[in-house]
Amino acid sequence: GIAFYCDLLGCQQNTRRPKESALHSNCGYLTQFHTQVTDAAQLWRGPIEVVYTEDELKKVIARAKASTTTHSGFTEMGSRALRVTCP
């Protein structure tokens, strides 16, 4: 989870929450993902939308292009969107 949400998408790990039960990833001021820490993958039903500035989106795209381990595929959707799949 940390590689995908923090290293690739640029979220910040909420260090005030213990990692033993859930990973809390902050994206901006008002968005936080809670993902359970388990051996099995957690399934999100439907897309998750994260809004970036143009510069921040370019950084995410560059990280996606440079990495083969933080995601299982990505598609640039014009100059203003990116679809990325968690491994």
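## Topic: the pattern of salt bridges
For the structure on display, the rule yields 2 salt bridges. Measuring nitrogen to oxygen at the nearest pair gives 3.3 Å for the salt bridge that ties K59 to E56. Highlighted residues: K59 and E56, both in helix α2 (residues 54-66), separated by 3 residues, approximately one helical turn. On the basis of relative accessible area, K59 is assigned to the partly exposed category, the value being 44%. Note that K65 and E76 form a salt bridge whose closest N and O atoms lie 3.3 Å from each other. Here K65 is found in helix α2, whereas its partner E76 is found in strand β4 (residues 74-76), with 11 residues between them in sequence. The exposure class of E76 is partly exposed, given its relative accessible area of 39%.

## Quick notes on the side chain of S25
As for its position among the elements, S25 is in strand β2 (residues 22-27). If near-sequence neighbours (up to four positions away) are discounted, S25 is found in contact with Y5, C6, C11, Q12, T31, Q32 and F33.

## Details of the environment of M77
Within the secondary structure, M77 is located in the loop between β4 and β5 (82-84). Among the residues examined, M77 registers a relative accessible area of 39% and is labelled partly exposed. Leaving out residues up to four positions away in the same chain, M77 has contacts with L82 and R83.

## Side note on the sheet that holds β2
Taken in spatial order, the 3 strands line up as β1-β2-β3 in an open sheet, and their pairing is antiparallel. Here the strands that pair on one side only, and so sit at the sheet edges, are β1 (12-13) and β3 (31-36). Pairing of β1 with β2, which is carried by 2 bridges, proceeds in the antiparallel orientation. Within β2, the position partnered with Q13 by the bridge is S25.

The rules behind these values
- Residues numbered from 1 in each chain as written.
- Predicted model: local features only at pLDDT ≥ 70, side-chain atom pairs only at ≥ 80, totals over all residues.
- Heavy atoms only, no water.
- Salt bridge = Lys/Arg side-chain N within 4 Å of Asp/Glu carboxyl O.
- Helix = DSSP H or I, 4+ residues; strand = E, 2+ residues; numbered from the N terminus.
- Buried < 20%, exposed > 50% of the residue type's maximum accessible area, 1.4 Å probe, protein only.
- Contact = heavy atoms within 4.5 Å.
- Pairing = 2+ DSSP bridges.

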